[in-house]
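# Summary of the model geometry
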Amino acid sequence: MSLTVKKFLAGPLGTNCYLAVNDDTKEAVIIDPAGLPERLAECVEHEGIQLQAVLLTHAHFDHIMGIDAVITKYGRMPVYVQQEDLRMLEDASLNMSGEYGRPYSFSEGQGVPDGQMLSLAGFEFKVIHTPGHTPGGACFYVEAEEVLFSGDTLFQQSVGRTDFPGGNAAELVRSVREKLFILPENTHVYPGHMGTTAIGREKEYNPFV
C-alpha cells in the first residue's frame, strides 16, 4: 500500500490543494480545498478516486472556500479542522473571506485535538497542532509514508505570516522548532503555498527558524 500526493492550485490566492490517494484502493482525502479546480475534478473522475474526508490545515478563507463544492459534487463527508480554528471556520469575519470577495463560512466542521489519529483512506493522519499562523493551525503527518501536510505553518525556506488576527510569530517559530523539526529529516513536506520541501532541508536552510 502506498500513498500518492497530487497537487492542484485552487482558490483566489493559488493555494496548494492536495489529494492524498491510496494507490491500492483509490480512496483519498482532500487537503485544503480552496476551490474545486477542473483539473482536480477530472483527476478524481478519470482515476475513479473515492473521497473520504476533507482535512483543513487551518480556517483562513484561501484554504476553505471549496468545501461546499466538494460536498455537492462528491457527497457528504467529514470535514476536520483543529478545534481551535473551528470558530474561524464558522465565522466569515474571522476567516477574512468577506475582505477578499464573498463572505464564506462552514458550520459542519469537526474539531480535532492535538495528537488525534484520523484513520482515513487506509492511512493514519496524525493531527499536529502548530499555532502561530492561526490559533488552530495544524499539520497532518502520515508517519508510515514520511509525508507531512504543513499548511501555512512551514514553507520552503519560509514560514506563514503572523500579522493576521490570532497570529503570533513567537508561537509559530516554537511550533516549527518543537513539533516539526523533531520529525525525521527525510519527511516530505507539502505546504499550503510554494513548492515541496523536506524537514532536513528546512532545518538547514530556513532563515526564519
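Higher on the page you've got the structure.
Keep in mind that what you see is a predicted model, and the values were worked out from it rather than measured. (Residues numbered from 1 in each chain as written. Predicted model: local features only at pLDDT ≥ 70, side-chain atom pairs only at ≥ 80, totals over all residues. Heavy atoms only, no water.)

### Re the sheet that holds strand 4 (residues 50-56)
In space, the six strands of this open sheet follow the order 1-2-3-4-5-6, with mixed pairing throughout. Two strands bound the open sheet, and with one partner strand each, they are strand 1 (3-10) and strand 6 (110-112). Ignoring which end each strand starts from, the neighbouring axes of this sheet average 25 degrees apart. Bridge analysis of strand 2 (residues 15-22) against strand 3 (residues 27-31) gives four bridges, and the strand direction is antiparallel. When the sheet's bridge partners are listed, Val21 is paired in strand 3 with Ala28. Those strands touched by helix 1 (residues 38-47) are strand 1, strand 2 and strand 3, and its axis lies near 150 degrees from that of strand 1. Of the strands in this sheet, strand 3, strand 4 and strand 5 (79-82) touch helix 2 (residues 67-74), which is tilted by about 165 degrees from strand 4. (Pairing = 2+ DSSP bridges. Helix = DSSP H or I, 4+ residues; strand = E, 2+ residues; numbered from the N terminus. Axes fitted to C-alpha atoms, helices over the stretch in contact; angles between N-to-C directions. Contact = heavy atoms within 4.5 Å.)

### Here's the deal with unusual backbone geometry
Even without a glycine there, the phi angle at Lys26 is positive, about 65 degrees. When you line up the elements, Lys26 lands in the loop between strand 2 and strand 3. Residue Lys26 is classed as partly exposed on the basis of its relative accessible area, which comes to 26%. Non-glycine residue Asp32 carries a positive phi angle of around 55 degrees. With respect to the secondary-structure elements, Asp32 resides in the loop between strand 3 and helix 1. (Buried < 20%, exposed > 50% of the residue type's maximum accessible area, 1.4 Å probe, protein only.)

### Digging into the nonpolar core
Core analysis: the biggest nonpolar cluster contains 31 residues, and Leu19, Ile30, Ile49, Leu51, Leu56, Ile67 and Leu89 have the highest contact counts within it. Elements that contribute at least two residues to this core include exactly strand 1, strand 2, strand 3, helix 1, strand 4, helix 2, strand 5 and helix 3 (86-89). The contacts of Ile67, once residues within four sequence positions are left out, are Pro33, Leu56, Val79, Leu89, Tyr104 and Phe106. With 20 residues, the next largest nonpolar core counts Leu55, Leu120, Phe123 and Phe140 among its residues. (Core = buried A, V, L, I, M, F, W, Y, C linked by side-chain atoms within 4.5 Å.)

### Here's the deal with the pairing of strand 8 (residues 123-129)
For strand 8, a buried count of five out of seven residues is recorded, marking the element as mostly surrounded by other parts of the structure. With four bridges connecting them, strand 7 (residues 117-120) and strand 8 associate as antiparallel partners. For Ser119, the partnering residue across the bridge sits in strand 8 and is Glu124. Following strand 7, the chain reverses through two residues before pairing antiparallel with strand 8; Ala121 in that reversal takes a positive phi of roughly 55 degrees. Bridge count between strand 8 and strand 9 (residues 138-142): four bridges; the pairing is antiparallel. Across the sheet, the residue bridging to Lys126 is Tyr141, located in strand 9.

### Observations concerning the packing of aromatic side chains
Tallied over the full model, the rule gives four aromatic pairs. A centroid spacing of 5.5 Å and a plane angle of 55 degrees characterise the contact between Tyr18 and Phe149, whose relative ring orientation is tilted. Residue Tyr18 is located in strand 2, and its partner Phe149 is located in strand 10 (residues 147-151); the two are separated by 131 residues in the primary sequence. A single burial state applies to Tyr18 and to Phe149, both of which are buried. Grouping aromatic residues by their ring pairs yields a cluster made of Tyr18, Phe149 and Tyr190. (Phe/Tyr/Trp six-rings, centres within 6.5 Å; stacked < 30°, edge-to-face > 60°.)

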